[in-house]
Amino acid sequence: MSFTNNVNGTRPTETINSPFLKAIVQQFRGQDSYGTYRSWSDDLLLKPFIVSKQKKREISIEGEVDLMTQARIMTFYRAVAACIEKETGLLSQVVVDLSHEGFGWALVFSGRLLLVAKSLRDAHRFGFDSLEKLAEEGEKFVQTGVSLAQRFPEVGKI
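Predicted model, so just to flag it, every value in this text is computed and none were measured.

Tracing the backbone shows Leu 44 in helix H2 (residues 42-46). Classification of Leu 44 by relative accessible area gives partly exposed; the value is 34%. Here the alpha-carbon distance between Leu 44 and Gln 27, two residues 17 residues apart in the chain, equals 14 Å.

See below:
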């Protein structure tokens, strides 16, 4: 992990120590069958998740959601599932259903237990103001999912 690459020209980040941000990086690297991201720093892999409010206003919501944005959404929720799986031991899966207009659902489930359900709107503009917000939002989903998995473990094992 390199601290020389920074996000949006700001100070080098130390939030990379967040388990959730590490899970996102792990998901990127795990899906990289050609080794494209092998030499990229963790900060550089996380950079596309940071979208300022000004940049969000500039992104058109007309037309299809681009493939890179779809991949970021899937990676985010796969990281949520991986963190839940790590804490509970229950195999977790992700389903993202996204219309061409940018509306849809992201679901994380284990067995027959729905751990996370998030409606998606304006998916074209998916992103967070900072790495801290990204980590905070991801951790919130993880804690909700872990809480449900601990309350209903028998449903998660079905």
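Picking up after the structure, the text goes on.
In this section: the packing of helix H4 (residues 67-88) against helix H5 (residues 131-151). Geometrically, a packed helix pair is captured by the angle between its two axes and the distance between the axes. The N-to-C vectors of H4 and H5 enclose an angle of 45°; their axes lie 9 Å apart at closest approach. What the angle tells us is that H4 and H5 run oblique. Viewed along their axes, H4 and H5 form a crossing whose handedness is right-handed. Where H4 abuts H5, its residues Phe 76, Tyr 77, Val 80, Cys 83, Ile 84, Glu 87 and Thr 88 lie against Leu 134, Glu 137, Gly 138, Phe 141, Val 142, Gln 143, Gly 145, Val 146 and Ala 149. Of the residues assigned to the contact of H4 with H5, the class counts are ten nonpolar, four polar and two charged.

Another aspect to go through is the packing of aromatic side chains. All told, the structure shown has ten aromatic pairs when counted by the stated rule. With 5.3 Å between their ring centres and 75° between their planes, Phe 20 and Phe 76 make a pair best called edge-to-face. On the criterion of sequence distance, the pair formed by Phe 20 in helix H1 (residues 19-30) and Phe 76 in helix H4 is long-range, its members being 56 residues apart. Of the two residues examined, Phe 20 and Phe 76, each falls in the buried class. By the ring-pair criterion, three or more aromatic residues cluster together here, those being Phe 20, Phe 76, Tyr 77, Phe 126, Phe 128 and Phe 141.

Moving on, we come to H1. Over its twelve residues, H1 extends 16 Å from the first C-alpha to the last, a length consistent with the 16 Å expected when each residue adds 1.5 Å. The complete set of buried residues in H1 reads Phe 20, Leu 21, Ala 23, Ile 24, Val 25, Gln 27 and Phe 28. Against H2, H4 and H5 lie the buried residues of H1.

Conventions we followed
- Residues numbered from 1 in each chain as written.
- Predicted model: local features only at pLDDT ≥ 70, side-chain atom pairs only at ≥ 80, totals over all residues.
- Heavy atoms only, no water.
- Helix = DSSP H or I, 4+ residues; strand = E, 2+ residues; numbered from the N terminus.
- Buried < 20%, exposed > 50% of the residue type's maximum accessible area, 1.4 Å probe, protein only.
- Axes fitted to C-alpha atoms, helices over the stretch in contact; angles between N-to-C directions.
- Parallel < 35°, antiparallel > 145°, perpendicular 65-115°, else oblique.
- Left-handed = near helix turned anticlockwise from the far one by under 90°.
- Contact = heavy atoms within 4.5 Å.
- Nonpolar A, V, L, I, M, F, W, Y, C, P; charged D, E, K, R; others polar.
- Phe/Tyr/Trp six-rings, centres within 6.5 Å; stacked < 30°, edge-to-face > 60°.
- Expected span 1.5 Å × (residues − 1).

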